[in-house]
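The primary structure of each chain is shown beneath.
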Amino acid sequence: MNLKLEDKNIFLNLESESKEAAIRRAGEKLVEMGSVDKDYIDFMLEREKVATTYMGLGIAIPHGVNEAKKSIKKSGIVFLQYPNGVDFGDEKAYLVIGIAGKDDEHLEILSSVAIKIDENLVEKLKSTTNKQDFIDEFGA
């Protein structure tokens, strides 16, 4: 997987907003990076209706449904930090990680993020003011 995490992919200290707004923001950042077409955002919202992308431990990883593949130009990832959380049903996500995987890379991206996540890491990343902390953990 050739994903390089950079400062421009990390957004810190965001104000809490609705789950839909957070997913939309993640999608918009993927559009700005040139990873996806604008309609990928709708696919991300559609995916959330089918099954939550909340993964536990204060992490949500919104991504598109299978039909979204045609909207992906290249794999991409964005990290959105919400120190006060975003409500995902009965849970709060402090980190919303938007992903788009070209071809079948989305599973690779999901697993590379999931492997590193634990309570201590989430606790650190949900309040850090240093983007380098994300790059140290998830950078290639």
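J.: Help me out: how do you make sense of the environment of lysine 131 in this one?
T.: Of note, lysine 131 is situated in helix α5 (residues 131-138). The class of lysine 131 is partly exposed, set by a relative accessible area of 28%. When the C-alpha positions of lysine 131 and tyrosine 94 are compared, they lie 15 Å apart, and in sequence the two are 37 residues distant. With sequence-adjacent residues up to four places away left out, lysine 131 is seen in contact with Asp7, Ile10 and Leu12. Polar contacts involving the side chain of lysine 131 include one to the main-chain carbonyl oxygen of isoleucine 10, which spans 3.1 Å.

J.: I tried to follow a negative patch on the surface on my own but got confused; where do I start?
T.: On the surface, a cluster of negative charge is contributed by Asp39, Asp42, Glu46 and Glu67. Within the element layout of this structure, aspartate 39 appears in the loop between α1 (19-32) and α2 (40-50).

J.: Can you help me understand the nonpolar core in this one?
T.: Nonpolar side chains in soluble globular proteins generally cluster together in the buried interior. Among the nonpolar cores identified, the biggest contains 24 residues, and Leu30, Tyr40, Leu80, Tyr82, Phe88 and Val96 are the most heavily contacted of them. Elements with a contribution of two residues or more to this core: α1, α2, β4 (76-88) and β5 (91-100). Leaving out residues up to four positions away in the same chain, tyrosine 40 has contacts with Leu30, His63, Gly64, Ala68, Ser71, Ile72, Ile99 and Ala100. Core analysis: the second largest hydrophobic core is formed by 20 residues, Ile59, Ile77, Ile109 and Leu125 among them.

J.: What's the story with the sheet that holds β5 in this structure? I'm lost.
T.: Each strand in a sheet pairs with its neighbour through backbone hydrogen bonds, running either in the same direction (parallel) or in the opposite one (antiparallel). Taken together, the 5 strands give an open sheet; going across it, the order is β1-β4-β5-β3-β2, and neighbouring strands pair in mixed fashion. The sheet is open, and its two borders are formed by β1 (10-11) and β2 (54-56), each paired with just one other strand. Alignment of strand β3 (residues 59-60) against β5, held across 2 bridges, turns out to be parallel. Directly across from alanine 60, in β5, lies its bridge partner valine 96. Together, β2, β4 and β5 form the strand contacts of helix α3 (residues 105-116), whose direction differs from that of β5 by roughly 140 degrees.

J.: Looking at this structure, I do not really get the side chain of lysine 126. What am I missing?
T.: One can find lysine 126 in the loop between α4 (119-125) and α5. Among all residues touching lysine 126, those that are not within four sequence positions of it are Gln81, Pro83, Tyr94 and Leu95.

About the thresholds
- Residues numbered from 1 in each chain as written.
- Predicted model: local features only at pLDDT ≥ 70, side-chain atom pairs only at ≥ 80, totals over all residues.
- Heavy atoms only, no water.
- Helix = DSSP H or I, 4+ residues; strand = E, 2+ residues; numbered from the N terminus.
- Buried < 20%, exposed > 50% of the residue type's maximum accessible area, 1.4 Å probe, protein only.
- Contact = heavy atoms within 4.5 Å.
- Polar contact = N/O pair within 3.5 Å; in protein donor to acceptor, adjacent residues only side chain to side chain.
- Patch = residues over 30% accessible without salt bridge, like charges linked within 9 Å, V, L, I, M, F, W, Y side chains within 5 Å.
- Areas by Shrake-Rupley, 256 points an atom, 1.4 Å probe, with all protein chains shown as cover.
- Salt bridge = Lys/Arg side-chain N within 4 Å of Asp/Glu carboxyl O.
- Lys, Arg positive; Asp, Glu negative; His and termini not counted.
- Charge placed at Lys NZ, Arg CZ, Asp CG, Glu CD.
- Core = buried A, V, L, I, M, F, W, Y, C linked by side-chain atoms within 4.5 Å.
- Pairing = 2+ DSSP bridges.
- Axes fitted to C-alpha atoms, helices over the stretch in contact; angles between N-to-C directions.

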